[in-house]
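Secondary and tertiary structure notes
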Amino acid sequence: MLCIDYPRGVKRAVLLLAVLAALVGAAVLAMRAGVIPMPEFLSDGDGQREGDVPDFVEPDEATDDEGDGDGELRAAPRPNLRPVESTTGPASDQPAAEVVKSSAASLRGVVVGQDGRAIANATVSLLQGKVAAEGTTDAEGRFRLDAVPGRYDVRIVAGGDGVLMMDDVIVDGRGLEGTFRLSPAAKLEVFVTIDGRAVAGLPVIVSASDDPVSSRVFAQAATDGRGAVSFPELAAGDVFVRAYEGSSSYARKRVTLRGGAEERVELAFPAHVTWTGVVRDAATNAGLQASIQLDVDGPDGLRYRAQGNADPSGVFSLSLPQGRPVMLSVRDGGHAPYPSAKEASAALAAIAGLRNGSLTHDLALRRGAIVSGTVTGPNGLGVEGLMLEFRPERGTSAMTVTVGSGGWYALDGLAAGTHRVSIPSPGWYPKSGPLQVRVPEDGTQGPASVTYDFDVLLAGVVSGSVSLADGSPATAARVWLVGGRGAVRGARNTGRFLETFTAQDGTFSIDDVPPVEGVRVRATWGDAEALPSDVLSTAAGGPPPVRLVLSATVRLVGRVTDLRTGAPIAGANVNVDPMGEPPSRGRGNAVTDADGRYELTNRIPGRWRVAANRKRDYLPGEPREFDLVAGTSPFTADLVLDPGLPIAGLVTNEAGEALAGARLTLTGAEDGAAPGATVSRNANTGADGAFRWTALRTGRYTLVLSRKGFATLSVPLRAGEDRLRLLMAVAPGKN
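Values in this document were obtained by computation on a predicted structure and should not be read as measured data.

1. Points about the environment of Ala147
The residue Ala147 is located in the loop between strand E7 (142–146) and strand E8 (150–157) in this model. Judged by its relative accessible area of 11%, Ala147 falls in the buried class. Through-space distance from the C-alpha of Ala147 to that of Val171 is 7.6 Å; in sequence the pair is 24 residues apart.

Structure follows, in structure tokens:
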């Protein structure tokens, strides 16, 4: 039998931490960009949580010029870092109305405490999995960090004065500048026990999500002799805490951190149980040397993971903390992954006895299908060396194979069902996509073999240069592609960034571009941006070089107020969309602050449509169109929102007492609405029996009230009735 070898504590712990840190550093998370200098951004409540986008990071989406309506996030690849020198000192001003050369990519600004006081000796770090640049603030709270252009996480720590953590901050050819206000730090203490015993040297990791591989790591340390570890300087928000027992088993728990408060978490590995059995081939009964991974849920919201391998005879013994099995994965070459989506519930039910003690249960794996075929290039010859990925429509367990000599490939062990086929290898795209292969349902000997041939095309190359208005080259300008009827966006979704930075002489080259029509090139550098290029075709390889010229952009500001009262509206969404020429300028959005103010920077001159909304509270705002002209920054565009008509009132019982928790459903149609267009709202009465809806137009509505123990009440009414008093009678037989 093969048991998991948990000891070798410290060596395994150190190795695990190193591997996790490397994986996290390489992981590319949700793409965001458009970082711009702001006069000041403030964090509210208990502070900005780690992983939140700071106020000066704007997700500037670029629409496909064909009008498919799906935006593309501007982003930047993570470059290979070379050593950088960190500097500390005051930041210089940079004019916003003209394009100015920057000697280096940098992040600079002033760090202030919660009371606005400048913080000296705060540590400012740029992170890409590990520290890429770091420095401290001077006596006036100022700092400057120079770095290779790219995407970074920013961490600011100032002891008792607070912390700030921002992710996916783009550092490029400008000096980003702003005031960074700290939030109260949260303290986390973690205590780890195994079967009631405190254990030293166990790795403890605080991360952003439930994924132990790709999640961003905020902090990590090892337990001391008391089985404890302390993290004194974390930002407020939800985090996941994991403690690792050996290299293959861990416990995790979700924790909500509050700024200025201390949280204590106990991760108690319960007594271990053992799952033993044999993994066999379902048709031949031969033992299989399969890998097994099992997640179990224990008490107090803890989850544990254990994994191991069967020996050559198929015999296995898996030791794990006692709990409820929630996820099982068994793999062996040539066999379909077990369990499939259809088998999952039954498979977990079969090992549910692990909640109460050790268990003996065998597993049977069915043969998978052999999918084979030839991949042919544009010259009619086979293309070798490509990696193909087969991912089932249901589930996320993908299988990969590398194309061999003559373009022939064979993948053994594909389960029955439909699989999407993609090409992770750079340089090639399917001639006609998306690619799908269907494996017939299992027969007595397993699913039948399938032949699947397809053609591929070489990727294109887009190259050119970016310059300033005076003709001098723009170094470290960010260049990216949009359009192609969704092909560029699809390529990004498979991990192909199609973005780069210009070289010292302003030139750039983007390879691995899908061979399609309708691609455009965009470029930005500091507060300047170039008009999008003309439409390019990459279907025949590389189009002629593109030349982009940067010019100053416009900062769009304004205020959103209530149409009737003139009061500022906080939390309203403001969306801007380009109108007419030049196309592909990218839409943007912002959220108003407590004073109803918003700001959108880096708008390319031209005509723009601006609209505001705050759903449920106000009617959709009427869009306004403005012509933004270079040199007129900032441009002010104030907006108003109409609160519409209300429906409000009070619900009582027959004795006149307020009824809390009554369920209300409002349905109806606005006057003049198109056939089939209806309005539907739901709410519950509060502790005082009151309810209120706004943002309604004139129309006929029906209000239905229900509550346990009371007769359902249906009331016809019109919008604008805000002094309703509704009485609910006790249901018959409930007296």
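2. Here we look at the environment of Tyr244
Topologically, Tyr244 is positioned in strand E16 (residues 237–245). Sequence spacing of Tyr244 and Gly201 is 43 residues, and the spatial spacing of their C-alpha atoms is 9.7 Å.

3. Regarding the pattern of salt bridges
Side chains carrying opposite charge are able to pair once their charged atoms draw close together. Counted according to the given criterion, the structure contains 23 salt bridges. With its nearest N and O atoms 3.5 Å apart, the salt bridge here joins Arg264 to Glu189. With Arg264 in strand E18 (residues 262–269) and Glu189 in strand E11 (residues 186–194), this residue pair connects regions lying 75 residues apart in the sequence. A salt bridge links Arg367 to Asp412, with the nearest nitrogen and oxygen atoms 3.0 Å apart. You can see Arg367 sitting in the loop between strand E25 (363–365) and strand E26 (369–376) and its partner Asp412 sitting in strand E29 (residues 408–414), a full 45 residues away along the chain. Overall, the relative accessible area of 29% leaves Asp412 in the partly exposed class. A single salt-bridge network, built from bridges that share partners, covers Asp115, Arg117 and Asp161.

4. Structural notes on the confidence of the model for the chain
Per-residue confidence for the chain gives a mean pLDDT of 80, with 83% of residues at or over 70. Ranking the elements of the chain by mean pLDDT puts strand E2 (residues 71–73) last with 25 and strand E50 (residues 639–641) first with 96. Throughout residues 1–103 the model reports pLDDT below 50, and contacts reaching past four residues in sequence, or to other chains, amount to 301 contacts.

5. Brief notes about the sheet that holds E16
Sheet architecture is open: 7 strands sit in the order E14-E13-E16-E17-E21-E20-E23, paired in antiparallel fashion. Only two strands of the sheet have a single neighbouring strand rather than two, namely strand E14 (217–222) and strand E23 (324–331). The mean inter-strand angle of the sheet, taken between neighbouring strand axes irrespective of direction, is 20°. Across 3 bridges, the pairing between strand E17 (residues 249–257) and strand E21 (residues 303–309) is antiparallel.

6. Here we look at the side chain of Glu529
The residue Glu529 is located in strand E40 (residues 528–530) in this model. The exposure class of Glu529 is buried, given its relative accessible area of 1%. A polar contact is formed between the side chain of Glu529 and the side chain of Arg522, at a distance of 2.6 Å.

7. Comments concerning the packing of aromatic side chains
One pass over the full model with this rule turns up 7 aromatic pairs. Arranged with centres 5.5 Å apart and planes meeting at 55°, the rings of Phe143 and Phe180 form a pair that is tilted. Note that Phe143 is positioned in strand E7 and Phe180 in strand E10 (residues 175–181), a separation of 37 residues in sequence. Since its relative accessible area comes to 1%, Phe143 is described here as buried.

8. A closer look at the sheet that holds E8
Taken together, 4 strands build an open sheet; the order of strands is E6-E5-E8-E9 and the sheet is antiparallel. Edge strands, defined here as strands with exactly one partner in the open sheet, are strand E6 (130–136) and strand E9 (163–171). Taken over all neighbouring pairs, the strand axes of this sheet differ in orientation by 20° on average, direction set aside. In the sheet, E8 pairs with E9 via 7 bridges, with the strands oriented antiparallel. Looking at E9, one finds that Gly150 is bridged to Val171.

Calculation criteria
Residues numbered from 1 in each chain as written. Predicted model: local features only at pLDDT ≥ 70, side-chain atom pairs only at ≥ 80, totals over all residues. Heavy atoms only, no water. Helix = DSSP H or I, 4+ residues; strand = E, 2+ residues; numbered from the N terminus. Buried < 20%, exposed > 50% of the residue type's maximum accessible area, 1.4 Å probe, protein only. Salt bridge = Lys/Arg side-chain N within 4 Å of Asp/Glu carboxyl O. pLDDT = per-residue confidence, 0-100. Contact = heavy atoms within 4.5 Å. Pairing = 2+ DSSP bridges. Axes fitted to C-alpha atoms, helices over the stretch in contact; angles between N-to-C directions. Polar contact = N/O pair within 3.5 Å; in protein donor to acceptor, adjacent residues only side chain to side chain. Phe/Tyr/Trp six-rings, centres within 6.5 Å; stacked < 30°, edge-to-face > 60°.

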